[in-house]
Number of protein chains: 2
Amino acid sequence: MSLDTARMVQMANAIRALSMDAVQAANSGHPGMPMGMADVATVLWREYLKHDPAAPGWADRDRFVLSAGHGSMLIYSLLHLSGYAHPTMNDIRNFRQLGSPCAGHPENFLLDGVECTTGPLGQGLAMAVGMAIAERHLNTVYGDELVDHRTWVVAGDGCLMEGINHEAIGLAGHLKLGRMNVLWDDNHITIDGGTELSTSENIKARYEATGWHVVSCDGHDFDDIRKALDEAVASDRPSLIACRTVIGKGAPNKQGTSATHGAPLGDDEIAAARELIGWEAEPFEIPEQVRSDWRDSAENGLRAHRDWQNRLSDHGQRQDFERRMAGDLPETFSLDDYIRSLIEEPQKVATRKASEMALAQINGQLDETIGGSADLTGSNNTKAGNITAFTADDYAGRYIYYGIREFGMASAMNGMALHGGVIPYGGTFLVFTDYCRAAIRLSALQEARVIYVMTHDSIGLGEDGPTHQPIEHVQSLRMIPNLLVMRPADAVETAECWDIALREQDRPTVLALSRQNLPQVRTDSGGVGMSSKGAYRLKQASEQRRVILIATGSEVHLALECAQRLEEDGIGADVVSMVCTQLFDEQDEGYRQELLPDVDPDEILRVSIEAGTTFGWDRYTMTNGLRIGIDRFGASAPAGDLFEKFGFTADAIVPQIINKLNG
Amino acid sequence: MSLDTARMVQMANAIRALSMDAVQAANSGHPGMPMGMADVATVLWREYLKHDPAAPGWADRDRFVLSAGHGSMLIYSLLHLSGYAHPTMNDIRNFRQLGSPCAGHPENFLLDGVECTTGPLGQGLAMAVGMAIAERHLNTVYGDELVDHRTWVVAGDGCLMEGINHEAIGLAGHLKLGRMNVLWDDNHITIDGGTELSTSENIKARYEATGWHVVSCDGHDFDDIRKALDEAVASDRPSLIACRTVIGKGAPNKQGTSATHGAPLGDDEIAAARELIGWEAEPFEIPEQVRSDWRDSAENGLRAHRDWQNRLSDHGQRQDFERRMAGDLPETFSLDDYIRSLIEEPQKVATRKASEMALAQINGQLDETIGGSADLTGSNNTKAGNITAFTADDYAGRYIYYGIREFGMASAMNGMALHGGVIPYGGTFLVFTDYCRAAIRLSALQEARVIYVMTHDSIGLGEDGPTHQPIEHVQSLRMIPNLLVMRPADAVETAECWDIALREQDRPTVLALSRQNLPQVRTDSGGVGMSSKGAYRLKQASEQRRVILIATGSEVHLALECAQRLEEDGIGADVVSMVCTQLFDEQDEGYRQELLPDVDPDEILRVSIEAGTTFGWDRYTMTNGLRIGIDRFGASAPAGDLFEKFGFTADAIVPQIINKLNG
C-alpha cells in the first residue's frame, strides 16, 4: 500500500508546481497553503480519503472540506490529479479567470468534489460539523451498509481564530462526532506576519478542553502523518491533527514567511523552487509517473464504491434513501388538508406558534427534517411533533440543542443541507440574524435548502427593547441574492410558507415570525396556496379603488383595519399581503400589473405597512406612495404601547392616507 | 471593612427583592440571574468596585459591564441602592415600561453607570476588552495618577458559548490585560435547560489555554468570593472568576432551574422567597439599615475620587486629558491643507490607499487614534503614520493586530470608544461586515464613535470571487439607524470622509473603500468639504439638462465618462457624487431640491450607478429612473473583466439611458 517515499514526494510536488504556476499565471492567489499542506494532502487523498473520482456525487463518499478556502489551488490540484473530470488542465491554466471553474475560492456550484463554498474563514470547518451530523444521523436510519463515511477538514490559523470555530468545535465535541477530523495547517503564519503578533493561545489545549482528541505530526514526514491520521481515525472523539508545516514549502527564499501567503512567488523564486524540489516538467505538465501514481490512488475508492453499489442495489430502503439523497419530498407530502382545516376553524395565534403547528404536520409526514434552536426552543417553537433530541448517545434524534451558537447553528445547517439526505431548520430571534448573517449569505450562494425560523420579528416583541427589536433586518435580508424572505400574516400563510420553503431545493428561506398573537386573515377556502406568488390580493376594494395597502406579516391585519375605515369614508382600498417580495418579483408582468397596476399615484395611492425600515419600500409604493415603517431604533415597553408610539394603529395611519389623497 | 455577614446577606437580598418585584410588576423579565449573582455583586460593589455614585462620569472609575444584559435588574438594583441619581425607585417600579430608563436590557444612553448596552450575548465581555485596552493605553500616556482602573464583567454561560467570546478572550489573553476580570455566573442553566443539553466544555481549561488566570468560588459564600476577587486582582493576567451559583437563589421551589431565567416567579413563589430569605419589607421598599449599608459602601469611592480630583487639578496634562476624555478634537486639527495639496496635484490611487494617506495626516495630528485590522493590515492600509504596535510589552502603541477576529475587533472598538479618551478605527474587507454586523449595529445604538475601514468594496476586488465581493452590503448598512456609510470617489473625498467621521462624536462611520485605483474626480480647489452635505453636484450639465447621474465611490468616474458621452450627443447631464446618503437626507429641502429637483422623469431622468444591489435606489432615482447595479452574486475574474461582464462601462450604460429617454 505504501508507495516509495520518493514517488510520494513527487506526487506532493505536483501540487506545489501546479499551485505556483497557476497563481503566477493569474498573477493573483495564494500559493503558500497548497505548498505547505501538499504532503499532508497527498497522504490523505492517496491513502485515507474514500472517494471515487468517476462518481463525485457518490452518497457514501468521505467529505473533504478545504476550510482555508484561499488555498484553493490545493483542492483544484487534488481533483485534477486524482482524475476528476473537472477541473481540466485548461481550467487550471485559467485559474481565477472569468468562466473557469477554478475560481479564486472553491465554489460548490462550479465543481464536483468541492463539497462547500469556502473562503469566509471558519465556516468550512463549521459546515463540516453539519456534514458529520448528517452522516451520523443517516447512519442510524440506513445502517453501515449505506452510510458510513468520514468528514475531513483542512483548516488554517484563520479558521481557528474566528469565533465560529469556538461554536463549531463546542458542538462537535459535545456531540462526540468522532468521524470528523480537522487537519490544522500549523504554520505559525498569518497575513500580517507571525501568529505571535495576535495570539498566544494553546490551541491543542483548547481543543482538548472542548472534548476533542488531539494529535500532532510533522506535516512534511509521510510516516508521521500516517501515524497521526491512524490515531485520529481510531478515536471516538472528533480529532484535531496539528500538522506542523512550513508555509510555501519548497520556495527556497520565501518559505516560512507571510510573503508566500497571498501573492505569486515570482518567476525567479519559482525557478529556484523547481530546482530545489527537483521538478523539471514544464508549467502545467505532469510527468507520466506522477500522473499514474495519482490515478492509481483512486483504486481503493473505486472498489469501495462498487461494493457499496452492490449493497445498495438490494437494500430494502433503497428507494427511500435515493429519494432523500436527491432532495425530493415524498409524493404524498401535502399540507393542504391541514391548511383547509385552519381555514375552516380560524385561529388567533402568533406566527411562531403557527409555525410550530405546521411543523407538527411536517415532522409527522417527513423523516428528513432536522430541527433545532440556538437555546430558544420555547420561544422559537421549533420542537414540534414527535421528535427527540439528537445527542451523542442517540444520533437517531431529529432535534438539536445548538446552545447559544447562532453562527455555528447556521453553518452546521449549511453543512447538513449540502451533505444531503436531511432538511435542516433552526431558530433564533430575527435580530440575531446579525450573528449568523455570513452563514445565511453562504446558504444563498451555495444554493442550500436551509430554513431559518426567525421569530420575534419586530417591535412587537415588546419589553426586550432595541437590542432585540429588528428594524432593518427583514429588508436587509431581502437584499441577499437567492434568499427567500417570508413574513406570513397568519396561521394559513405560515403553513403555506413552510410548504414553499420545503419545496425550494436550491434556495434557503428565512421565515420572519411574530412573537405576538395575530388574527387569522385568510378565511376563504378557495385559495389554498396563495402565498406561492409572493403577494396576492387579500381584500378587494368595495368602493371605487383609490388605495392599495401593501402589508406584510403582523401588519396585514392592521392594513385590513385601515381599509375598512377607508371604505367607511367611501374610499375604496385593496389589501395586498406581500408574503415574499422575491417570489412576487418573479411573477409575470401580467400578474404583477394586475395586483399593483402602474397608474398615476393621483388615481391609486399605494401604501406600504411594515414594522421595520421604510428603506426600499419605494419599489412597491412608487415614489409618490406612502411608506409606514420605523426608521429609528425601537424601545422597551409592552408591544401595544410600542405600536401606539410608533404609529402602527389605524388611528395614526388612516389620516395620513386621507391627507395624501387630498394633497 | 468587612461587614457583619447577616447585614451583607440583607444587602444582597435587597437585590433579590427588587428583581423579583420589578419583573413581577412588568410581568416580563429575567429574575434568575440577579438573584443568583446578588451575593457576588454585593461583595464586588461594596468592597472592590471603584466608583462614585455622585459622579458617574468620573474618568478613572472602574468599568462594570453586565454582559449578561438580560439580568438588567441586577445593575438597576446596584445603581439605585448605591445612591446613583438614577434609576429612582419609581424608575424601577416602571421596569420595562415606556419611558422608564430601566429598559428590558441596560442601555448606555438611558442611564449613567451603564457603561455599554448589553443583551446581544458575548458582546459586553468583548466590549470590556476594548475598555481594558483603552485604560492601559491611557495609563501609559497619563500615568497612574490619572488613569488606573479596572474593568469588571458579569457574564453568563450564553456569553461564554458565543463565538465572540473566543475572539475576545484570545485578544485579552494575548495582550495580558491583567486589569480585566470576568465574573462567570456558573449556574449550569440555559434557557433550554441544563447546560449539559448543549455543551461539554471545560471552560476553565479553555480560558487557561488562552492565557487567562482562572479562579473559582462559591458564589454564595462572601469570604470565598473575597478570596477569589483578591486573587484575580493580584494576577497580572486577565482573570476568569468562576462563581458557582444557584440561578434564582432564594426562590424555594424554582431556584436552580431554567424556570427562573426569563419569566416572573409568580406571586406565590415570591411570597415563599420572601419568607425563605427573611425579607419583610413591602415591594419596592428598602429597610433603612439595608439602605444605609448600601450607601456607606460608596464611601471608599468618594474618597478615591476626591484624591484623584486633587491629582488632576495640578497635573501638567490636565487640559489634554480633559479634552480627550470629552471626545473633542484639538482646535488645531485640520485636513484642509492636505486636501488642497491633493487638489493641486491630483493622484490616481485606490481609496483604501487614499485612506492610508489621510491617516498619515490624522495620526500625525492626533494622539488619540488607535488603529488596527483583522489581519489585513497591508490590504486595509490601516497602519499609517508613525504609529507602533500596541502589545503586551508596550501599551503605548497605537496599532492593534487584532488577528482574524472581525467581531472581536468591532466590539473592542465599541468598548474603546465608550471608555473615552481614544478614537478607534479598524479594518477588514467590506464583505466581512457580515462577521461583525451585530457589533456595528451596537456602535450605532450606543452612539459610539467607531470608524470602520472597510476595503475591497465591490466586484472591483476581482479574483477573490463572490464570497469576497460585497453586493448587498453597502445598502444594507445604510439601513442601520444612526450609522454613517460613506463611499468616497477619490483621494479628496476620502480625506473629507475621514474628517467628517472624526468629528461625529455620537455616530459610528463605515468607510467603503476600493481595492482598485481610481482617478481623482475632485480637482476644483474651491470646494474643500463638499462631502459634508452627503451629496453634491460634481459636474454640471453643459447642454440642456436631461439626465442626473447619481453615483458613489468607484462608479463616480464612470458616471463622469457617461455624462461626457451624453453631452457629446447633445444630452445635458449632471453628475452627483452621493458620498453618504444619510448625510444627504439630513440636508434641508432646498439643498436636496436644488441637487435632485422633483420634476417629471420625462423631463429629467435620474440614473443611479453603484456596483452593488439596486434595491433601495428608487428613493433617489424615483420609480421611473434607471438603476445600474448588480442583483446577483459576483464572480471570480480580474476586476476589468467583471466590470465589463456586469455592465459597468459607458458602452453598456449610455445606450440604456438614451433608450429610456426615448422610451
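Asks: Help me understand the pattern of salt bridges in this model?
Replies: Proximity of charged atoms lets side chains of opposite charge pair with each other. Under the defined criterion, the tally for this structure stands at 76 salt bridges over all chains. Here R478 of chain A and E610 of chain A are joined by a salt bridge, their closest N and O atoms 2.7 Å apart. Of this pair, R478 of chain A sits in helix α19 (residues 473–478) while E610 of chain A is found in the loop between β19 (605–609) and α24 (618–621), placing the two residues 132 residues apart along the sequence. In this structure, R478 of chain A and E610 of chain A share a single accessibility class: buried. With its nearest N and O atoms 2.7 Å apart, the salt bridge here joins R136 of chain B to E135 of chain B. On the basis of relative accessible area, E135 of chain B is assigned to the buried category, the value being 1%.

Asks: Would you mind going over the interface of chain A and chain B with me for this structure?
Replies: In many analyses, interface size is given as the accessible surface area lost on bringing the parts together. On the side of chain B, 94 residues touch chain A, which itself brings 94 residues to the contact. A buried area of about 8,100 Å², summed over both sides, lies between chain A and chain B, and 59% of it is on carbon and sulfur atoms. Counting the contacts that link chain A with chain B gives six salt bridges. The closest approach of N and O atoms between R96 of chain B and D464 of chain A, which form a salt bridge, is 2.8 Å. Where chain A meets chain B, there are 47 residue pairs in polar contact (both at pLDDT 80 or more). A class-by-class count of the residues in the side of chain A that touches chain B yields 35 nonpolar, 35 polar and 24 charged.

Asks: Please clarify how the pairing of strand β7 (residues 239–244) of chain A should be interpreted in this entry.
Replies: Walk down a regular strand and you will see the side chains alternate between the two sheet faces. Residue and element names in this part refer to chain A. Counting buried positions over the six residues of β7 gives five, a clear majority of the element. Summarising the sheet, strand β3 (residues 180–186) and β7 pair through six bridges and their orientation is parallel. Each bridged residue has a counterpart across the sheet, and for D186 the counterpart in β7 is R244. Bridge analysis of strand β6 (residues 213–218) against β7 gives six bridges, and the strand direction is parallel. Each residue of the ladder has a partner; that of S216, found in β7, is A242. One crossover worth recording links β6 to the parallel β7 by way of helix α9 (residues 222–234), and it is right-handed.

Asks: What exactly am I supposed to notice about the sheet that holds strand β13 (residues 484–486) of chain B here?
Replies: All names here are of chain B. With parallel pairing, six strands are arranged side by side in an open sheet as β10-β9-β11-β12-β14-β13. Lying at the two open borders of the sheet, with one neighbouring strand each, are β10 (399–401) and β13. Across the sheet, the mean angle separating the axes of adjacent strands is 20° when strand polarity is ignored. Summarising the sheet, strand β11 (residues 423–429) and strand β12 (residues 451–455) pair through five bridges and their orientation is parallel. Note that in β12 the partner of G427 across the bridge is V453. Running over the sheet, helix α16 (residues 351–365) touches β9 (369–373), β11, β12 and β14 (509–513) and is turned about 130° from β14.

Asks: Looking at this model, I keep getting lost on the side chain of E162 of chain B. Mind explaining?
Replies: Within the element layout of this structure, E162 of chain B appears in the loop between α7 (157–161) and α8 (163–174). For the buried E162 of chain B, which has no salt bridge, the nearest side chain bearing the opposite charge is R405 of chain A, at an N-O separation of 8.5 Å.

Asks: Can you help me understand the packing of aromatic side chains in this one?
Replies: Think of a pair of aromatic rings as described by two things: how far the centres are apart, and how the planes are tilted against each other in angle. In total, this model carries 36 aromatic pairs over all chains according to the counting rule given. Plain terms: the ring middles of Y142 of chain A and F321 of chain A are 5.0 Å apart, the flat faces sit at 75° to each other, and that makes the pair edge-to-face. In this pair, Y142 of chain A is assigned in helix α5 (residues 123–142) and F321 of chain A in helix α13 (residues 318–326), connecting sequence segments 179 residues apart. One exposure class covers both Y142 of chain A and F321 of chain A, and it is buried. On the numbers, 6.1 Å between centres and 75° between planes, the contact of F643 of chain B with F648 of chain B is edge-to-face. Among the residues examined, F643 of chain B registers a relative accessible area of 16% and is labelled buried. For F648 of chain B, a relative accessible area of 5% translates into the label buried. An aromatic cluster is present here, built from W58, Y142, W308 and F321 of chain A joined pairwise through their rings. K645 of chain A extends its terminal NZ or CZ atom over the ring of F646 of chain A, reaching a point 5.6 Å from the ring centre.

Asks: Looking at this model, I keep getting lost on the sheet that holds strand β3 (residues 180–186) of chain B. Mind explaining?
Replies: Sheets are built from strands that pair by backbone hydrogen bonding, the pairs being arranged parallel or antiparallel. Residue and element names in this part refer to chain B. The strand order across the open sheet built from five strands is β1-β2-β3-β7-β6, with neighbouring strands paired in parallel fashion. Two strands lie at the open edges of the sheet, namely β1 (63–66) and β6 (213–218), each paired on one side alone. When strand polarity is set aside, the average angle formed by the axes of neighbouring strands in this sheet is 20°. Packed onto the sheet, helix α6 (residues 123–142) meets β1, β2 (151–155) and β3 and runs at close to 175° relative to β2.

Conventions used here
Residues numbered from 1 in each chain as written. Chains lettered and ligands numbered in written order. Predicted model: local features only at pLDDT ≥ 70, side-chain atom pairs only at ≥ 80, totals over all residues. Heavy atoms only, no water. Salt bridge = Lys/Arg side-chain N within 4 Å of Asp/Glu carboxyl O. Helix = DSSP H or I, 4+ residues; strand = E, 2+ residues; numbered from the N terminus. Buried < 20%, exposed > 50% of the residue type's maximum accessible area, 1.4 Å probe, protein only. Contact = heavy atoms within 4.5 Å. Buried area = accessible area lost by both parts, 1.4 Å probe. Polar contact = N/O pair within 3.5 Å; in protein donor to acceptor, adjacent residues only side chain to side chain. Nonpolar A, V, L, I, M, F, W, Y, C, P; charged D, E, K, R; others polar. Pairing = 2+ DSSP bridges. Right-handed = clockwise from strand over helix to strand, strands pointing away. Axes fitted to C-alpha atoms, helices over the stretch in contact; angles between N-to-C directions. Lys, Arg positive; Asp, Glu negative; His and termini not counted. Phe/Tyr/Trp six-rings, centres within 6.5 Å; stacked < 30°, edge-to-face > 60°. Lys NZ or Arg CZ within 6 Å of the ring centre and 35° of its normal.

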